[in-house]
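So the chains spell out like this:
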Amino acid sequence: MVFFLTKRLIQSVFVMLAVAFLAFSLFRYVGDPVSQMTGVETSVEDRERLREDLGLNDPFVYQFVRFTGDLLKGDFGYSYRTRQPVAEMIASRIPATLELGLVALMISLLVGIPAGVYTALRPRGFATQTILMLTLVGVSIPTFVIGIMLIFFFGVQLGWLPTFGRGGTVSVGGWETSFLTIDGWRSLILPALTLGVYQLTLTMRLVRAEMMDVMQSDYIRFATARGVPMGRMYFRHALSNTMVPVITIIGLQFGGVIAFSIVTESVFQWPGMGLLFLESIRFVDIPVMGVYLVVIAFFFVLVNLIVDLLYVLIDPRLRISDVS
Amino acid sequence: MLDFIKRHEGLWLFTHSPSVMIAAIVALAILIGAVFAPWIAPVDPYDLSSFSLMDGLLPPVWEEFGTSKFPLGTDDQGRDMISSILYGARLSLIIGVCAMAIASILGVGLGLAAGYIGGRFDAVVMRIADIQLALPAILTALLIDGIARGILPPELRQDMRVVVLTLAIALSLWVNFARTARASTFVQMNKEYVQAAMMQGQHPLRIMFVHILPNILGPLLVIMTVDLASAILLEATLSFLGIGLPADSPSLGTLIRIGMQFLLSGEWWILWIPTLFLIALVVSINVLGDFLRDVFNPRLR
Amino acid sequence: MLRVENLTVKFPSRFGDFTAVQDLSMTIKPGEIHGLVGESGAGKSTVGAAIIGLLQSPGYISDGTMMLGDTDLRGLDQQEAHRLRGKRISMIFQDPQTSLNPLMRIEDQLVETILAHEDISAAAAKSRAIDLLEEMGIKDAASRMQSYPHQFSGGMRQRVVIALALCTNPELIIADEPTTALDVAVQSQVLDLIRRLAEVRKVGFMLITHDIGVIARIADTVTVMRHGKGIESGPTAQVLGNPVHTYTKQLMAAVPPLDRKIDRFMVPEKDDIVTPSMNSGAQAEAWLLSGTKSDPIGLSLSDIDVTFPGVRTSIFRKPDPFVALSEISFDVRPGSVMGIVGESGSGKSTLAKTLTGLVKPANGTMTLGSADLPGGKTRARKHPSRQLMQMVFQDPFSSLNSRHKIGDILAEPLWLYGLVKDQKERQELCADMLGLVGMPPEAINKFPHQFSGGQRQRIAVARALLARPKILICDEPTSALDVSIQAQLLNLLKDLQKAFGLTVIFISHNLSVVRQMSDDVVVLRNGRIQEKGPSEQVYEDPKADYTKRLLELTPTMPSQWMS
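The structure presented is a predicted model; accordingly, all values stated were derived computationally and were not measured.

Participant: Any chance you could break down the interface of chain C and chain B for me, citing the residues and the numbers?
Facilitator: At the junction of the two partners, chain C supplies 26 residues and chain B supplies 20 residues. Buried surface at the junction of chain C and chain B, both sides included, amounts to about 2,300 Å², of which 53% is carbon and sulfur. In terms of surface lost to chain B, no three residues of chain C exceed Arg14, Arg381 and Phe393 of chain C, which account for 29% of the buried area on that side. The tally of links between chain C and chain B comes to one salt bridge. In this structure, the salt-bridge partner of Arg206 of chain B is Glu412 of chain C, at a minimum N-O distance of 2.6 Å. The interface formed by chain C and chain B holds 16 residue pairs in polar contact (both at pLDDT 80 or more) in total. Elements represented by at least two residues in the side of chain C that touches chain B include exactly α13 (348-356), β16 (389-392) and α15 (406-416) of chain C. When residues in the side of chain C that touches chain B are grouped by element, the largest group, four residues, is from α15 of chain C. A per-class count over the side of chain C that touches chain B returns 10 nonpolar, eight polar and eight charged.

Participant: Talk me through the nonpolar core; I want residue IDs and the actual numbers.
Facilitator: In this structure, Ile90, Phe144, Phe277 and Tyr292 of chain A together with Leu142 and Ile169 of chain B are the most contacted members of the largest nonpolar core, which totals 151 residues. With 16 residues, helix α10 (residues 204-240) of chain B is the single largest residue contributor to this core. Formed by 147 residues, the second largest nonpolar core is a distinct cluster that contains Ile130, Ala165, Leu240 and Ile406 of chain C.

Participant: Give a detailed account of α13 of chain C, specifying residues and quantitative values.
Facilitator: All names here are of chain C. Judged by how many residues are buried, α13 sits mostly within the fold: seven of nine residues are covered. Along α13, the positions that sit buried rather than exposed are Lys348, Thr350, Leu351, Ala352, Thr354, Leu355 and Thr356. Positive phi appears at Gly357, one or two residues downstream of α13, with a value of about 90°.

Participant: Just give me the short version of the interface of chain A and chain B, but keep the residues and values in it.
Facilitator: Listed per partner, the contact involves 48 residues of chain A and 39 residues of chain B. The contact between chain A and chain B buries some 3,900 Å² in all, and 81% of this surface belongs to carbon and sulfur atoms. Among the salt bridges present, the one from Asp290 of chain B reaches Arg205 of chain A, with a minimum N-O distance of 3.0 Å. The tally of links from chain A across to chain B stands at two residue pairs in polar contact (both at pLDDT 80 or more). Counting only elements with at least two residues in the side of chain A that touches chain B, the list comes to α1 (2-29), α6 (126-140), α7 (143-157), α8 (182-215), α10 (230-268), α11 (273-282) and α12 (286-314) of chain A. At nine residues, the largest contribution of residues to the side of chain A that touches chain B is made by α10 of chain A. For the side of chain A that touches chain B, a count of residues per class yields 37 nonpolar, six polar and five charged.

Participant: Can you lay out the pattern of salt bridges for me, pointing to particular residues and giving the numbers?
Facilitator: For the structure on display, the rule yields 31 salt bridges over all chains. Asp519 of chain C serves as the salt-bridge partner of Lys261 of chain C, at 3.9 Å between the closest nitrogen and oxygen. Here the residue Lys261 of chain C occupies a position in the loop between α11 (246-254) and α12 (282-291), and Asp519 of chain C occupies one in the loop between α19 (511-517) and β19 (520-525), the gap between them amounting to 258 residues. With a relative accessible area of 35%, Lys261 of chain C lands in the partly exposed category. Its relative accessible area of 30% is what places Asp519 of chain C among the partly exposed residues. Here the residues in one salt-bridge network are Arg226 and Arg232 of chain A together with Glu112 of chain C, joined through shared partners.

Participant: Account for the packing of aromatic side chains, naming residues and giving values.
Facilitator: The description of two aromatic rings rests on the distance between their centres and on the angle between their planes. All names here are of chain A. The full count for this structure, using the stated rule, is 12 aromatic pairs over all chains. When the centroid spacing of 5.6 Å and the interplanar angle of 75° are considered together, the rings of Phe152 and Phe153 count as edge-to-face. On the accessibility criterion, Phe152 (16% relative accessible area) is buried. Lying across the ring of Phe222, Arg226 places its NZ or CZ 4.7 Å from the centre.

Participant: Could you give an account of the UniProt feature "transmembrane region" (unreviewed entry) in chain B, with specific residues and numbers?
Facilitator: Residues and elements named next belong to chain B. As annotated by UniProt and renumbered to match this structure, "transmembrane region" (unreviewed entry) occupies residues 20-41, 91-117, 129-148, 160-178, 208-234 and 269-292. Across residues 129-148 one finds 90% helix and 0% strand; the C-alpha atoms that close the span lie 22 Å apart. From the first C-alpha to the last, residues 269-292 spans 34 Å; its make-up is 100% helix and 0% strand.

Participant: So what's going on with the confidence of the model for chain B? Residues and values would help.
Facilitator: Mean pLDDT for chain B: 82, with 88% of residues reaching 70 or above. Put simply, helix α1 (residues 2-7) of chain B is where chain B has its lowest mean pLDDT, 58, and helix α9 (residues 192-200) of chain B is where it has its highest, 92.

Participant: Describe in detail a nonpolar patch on the surface, supporting the description with residues and values.
Facilitator: Residue and element names in this part refer to chain B. The grouping of Leu28, Leu31, Ile32, Val35, Phe36, Trp39 and Ile40 at the surface amounts to a nonpolar patch, some 710 Å² of accessible area in total. For the nonpolar patch, the secondary structure elements donating two or more residues are α3 (18-35) and α4 (37-40). The element contributing the most residues to the nonpolar patch is α3, with four residues. Residue position: Ile32 is located in helix α3.

Participant: How would you summarise the pairing of strand β13 (residues 337-341) of chain C if you had to cite specific residues and measurements?
Facilitator: Residue and element names in this part refer to chain C. Among the five residues in β13, five count as buried, and that is most of the element. Two strands pair when backbone bridges link them, and β13 and strand β18 (residues 503-508) are joined in this way by five bridges, in the parallel orientation. Paired with Val337 across the strands is Val504, a residue of β18. As defined by bridge partners, β13 adjoins β19 across four bridges and the pair is classed as parallel. Bridging from a neighbouring strand, Val341 pairs with Val523 of β19.

Participant: Could you give an account of the sheet that holds strand β11 (residues 299-308) of chain C, naming the residues involved and the relevant values?
Facilitator: Residue and element names in this part refer to chain C. Here four strands make up an open sheet; going across it, the order is β12-β11-β14-β15 and the pairing antiparallel. Of all the strands in the sheet, just β12 (322-332) and β15 (371-372) have a single pairing partner and so form its edges. Looking at chain direction, β11 and strand β14 (residues 363-368) are connected through five bridges and run antiparallel. For Leu301, the partnering residue across the bridge sits in β14 and is Met366.

Participant: Quick rundown of the domain arrangement of chain C? Include the residues and the values.
Facilitator: Residue and element names in this part refer to chain C. Taken domain by domain, chain C comprises domain 1 (2-253) and domain 2 (282-308 + 318-370 + 380-562). On a C-alpha basis, the centres of domain 1 and domain 2 stand 36 Å from each other. At the junction of the two partners, domain 1 supplies 18 residues and domain 2 supplies 13 residues. Buried surface at the junction of domain 1 and domain 2, summed over both partners, amounts to about 1,400 Å²; 61% is from carbon and sulfur atoms. It is Glu39, Asp183 and Val184 in domain 1 that bury the most area against domain 2; as a group they hold 33% of the surface buried on that side. Taken together, the connections running from domain 1 to domain 2 amount to five residue pairs in polar contact (both at pLDDT 80 or more). Elements with a minimum of two residues in the side of domain 1 that touches domain 2: α8 (184-201), α9 (212-218), α10 (236-241) and α11. Here the side of domain 1 that touches domain 2 is built from residues that sort into nine nonpolar, six polar and three charged.

The rules behind the values
Residues numbered from 1 in each chain as written. Chains lettered and ligands numbered in written order. Predicted model: local features only at pLDDT ≥ 70, side-chain atom pairs only at ≥ 80, totals over all residues. Heavy atoms only, no water. Contact = heavy atoms within 4.5 Å. Buried area = accessible area lost by both parts, 1.4 Å probe. Salt bridge = Lys/Arg side-chain N within 4 Å of Asp/Glu carboxyl O. Polar contact = N/O pair within 3.5 Å; in protein donor to acceptor, adjacent residues only side chain to side chain. Helix = DSSP H or I, 4+ residues; strand = E, 2+ residues; numbered from the N terminus. Nonpolar A, V, L, I, M, F, W, Y, C, P; charged D, E, K, R; others polar. Core = buried A, V, L, I, M, F, W, Y, C linked by side-chain atoms within 4.5 Å. Buried < 20%, exposed > 50% of the residue type's maximum accessible area, 1.4 Å probe, protein only. Phe/Tyr/Trp six-rings, centres within 6.5 Å; stacked < 30°, edge-to-face > 60°. Lys NZ or Arg CZ within 6 Å of the ring centre and 35° of its normal. UniProt positions renumbered as here; feature names shortened; annotations may be inferred. pLDDT = per-residue confidence, 0-100. Patch = residues over 30% accessible without salt bridge, like charges linked within 9 Å, V, L, I, M, F, W, Y side chains within 5 Å. Areas by Shrake-Rupley, 256 points an atom, 1.4 Å probe, with all protein chains shown as cover. Pairing = 2+ DSSP bridges. Domains from an automatic or database assignment.

The structure is reproduced here in structure tokens:
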């Protein structure tokens, strides 16, 4: 077990290093950092001095090590566009994106898992066929169109919910949260639905496939032959076995949540990291792009480590070595 | 004929599921419309002289003020919506198909080789795939687009848009193919016909492409369909975000972005008709993909 | 106790109804072990599933009565049927590896089953579970019960499965191939356990199996099934010792005896094969004989060790390598048949892979004829041994590429080794070779899935012969086949070996089959040779304890039953 987790930890460090390298290459080779930081009027000597100060003349490996070291220290450099420290810019955007992603993920799991179980247990029912058809349409509608539709119906036609921004937020220890005001929640509903629907269809289809697989397994047939009560069989035997692969995929889905939050944030003008990233792409603001990458990869790796832990908790085969 | 259909699982299922047949017809119709757009479309939307502002904002024919000259209405520039949509679908499909083709060649090649060779090579390919997974498709595509903006000289940027967009989408989709190909190859590697070929001393390339590849085509075909849908969605999304194709050569996504400006003003057709078209296209591709999955994976039925 | 009359089970499909079981009748008394024997597709598992009410959809019982005591099993609604399962009828499945929920402790699985049927306290259920496990021969049951399934060995797991089936004292247990996945020694213990439970607890057993030896060993009564019908039924000694029906007689004649070597099996040849057309392999035979430039060659191994990297459990320590084969030395005489016998995990398949160059030995040398035979990747792709040694694999469903036509599969060795240059000549030779192995030559235009397992195995033999080999390695070539098909294939292999002076290495877990085939034999266990020598000597007068025990525990029929 310890070995399994250490192995995953080492792999995670490897992924982080690779992403850091990507961010570094972006910074170093896409456009010239010096000309981005200076104006036309800067003299050649000044440019050369800046180049020397930034250490751009140092050997490649040395530069990369320093870049990574700076990242670890939390020194993320300055934005080309706003001249602000990138760390501050990103940090102020993290709460919005995380809260949005969290609520979307909750929608996806709380609706997706029961729906998946239901459609697996009644594969031929009318409700199942309808749900399956709906999910198929669900994965086929681009996230931004879902957003537009929700805005159109609930915002424009019915006028029930706000269609842009976060509404009222409260600062708790520097963390701007929407969870504590009614206005905040109202603003959160449409974006979270937009982001959640796509993930929901994925979760449901996955749970269904795995559950149907498990229901065919020998141990379920054996449990049926022993007369284990149906409810216990579905939820204790089948669902727990379904969870092992499902959890893995949910870890991967988190990446999707973050990615699609870019789209959702753009549609709803939600002031999160995704919107910042979009702006930075439009203005070729390389430092912000690079740091965004690193932050996203960090969250991804973190979530997947948690998934591995859960994995170990659920599956005794990973916890306890076997007889041989 | 009937007997033939009965004997072929896939054909039989096809003729017995109306939704799949409808999807096939819709997909085929859109495909034909897109391929032959230059001959079918009433006007060329890229040609500024072929439309005039005088015809701007006309509604579809069944609405008040609609004319049969523009059955689905016009946009604010006076462009015929049908022509814009057909040309847009053409561009969306070209980018989608090319991206999917590049991604599948790259992904299947790497996945097949990783599964066959195993060891270090496999480990390296899979670690790269891991990193790619940490950066989801939209992000990768946006990133490549951003890099292209930084690297390409401004005068090339417009000309290279389609190429950059296609590459960006392809590079964000190859992992799916690689992982599926690798997993299926592993299954085949344990089959005795592969061992037979190996011990006979057949060339590794022959074993990979003549023996293994035909046996893993089923799951790959499913991924191809699903990823074609993803590619089209991704292109639409990128264009919607204003990072894909510009307004003078609009894809479906660009059309929707333009239509967004009319969300509140009553000219609903400029937004919703291209949107419906995009959804119909992607839904029918996904229905077909789902059908293929059922055919190749009967236990899920 | 159990009375089944005229049971008919149908599976509707778009090609019309398929009748899986037709008009089957049988009775099982308390304490009786009733064997249900037949080849694959006979419908024996369907009978068991119908009785316990677990027919796979869309199968249904179209006719017949099933009475358990006074209860009409067909008259129960779904809930009643589910309450009855476990309470009065229970079931044991083939594979103990997959029958237990891997995420639940043994205790939880036992206790939940008891509590599902009886209104007793959890503590009482637990103590009964402990008693039961001890009765099944699991020592220290109270603490072992806290373990998860993966912490038990295969045999122990099957004991747990039996305990689970027994824990609510059912009247009838349906055992579907309960020992097929087990090794001989464990199989023997499990069979003893079933026998004892029938005698002591008066549980009725329906023992479904393809293995006539198992039936002969413990069944009181037997029903022979074929194509869904009951062929013959009655006390075991009468049905198997003095069969009336032709099919039962053929079946008995196809069973390889353990206690003697017979020349050939008295089975109808090619019964599933279309009448061969005019050219029945004469051209292929001549071609093969003309290629025998020199005399047959032998093969020898000396001190072969094979190790695999172990599973890594720590980042700091190198994993202990897993020793698959250790100090393997033997000589295969030119033109003789070397039998290699061993249970699962004995390393016999690794041995085949080492010989064919798929696995590289860590130590030792191999010699083919008089030339050194390099191992693993050091064997060049164009090494002559690749042609001289050919192999017939175990699984006929995976050994032929399902996407290629039979003609292409067969022609592959011909062009690969440059034996026949002309495309048309190749196809003619392939067609004729099919005739030689008892297949219609038209088969070259078909795909593998259009043939049965036995037919595919013949095609695999044809493919091997088309390389004009001198050495033929057969790795469990009949273990996936029914006993009558096995007999046909063994006859074919014997004929070919004699006709072309092939040197054959015949690998199997089945002692009886190896005895029928081999001149010499090697007994493998855990990667080591336990015994080797001329096969008559090893079988008649085994020296190693392991060989003795194997011969003793293998379920066989009394020899007077086998005329």
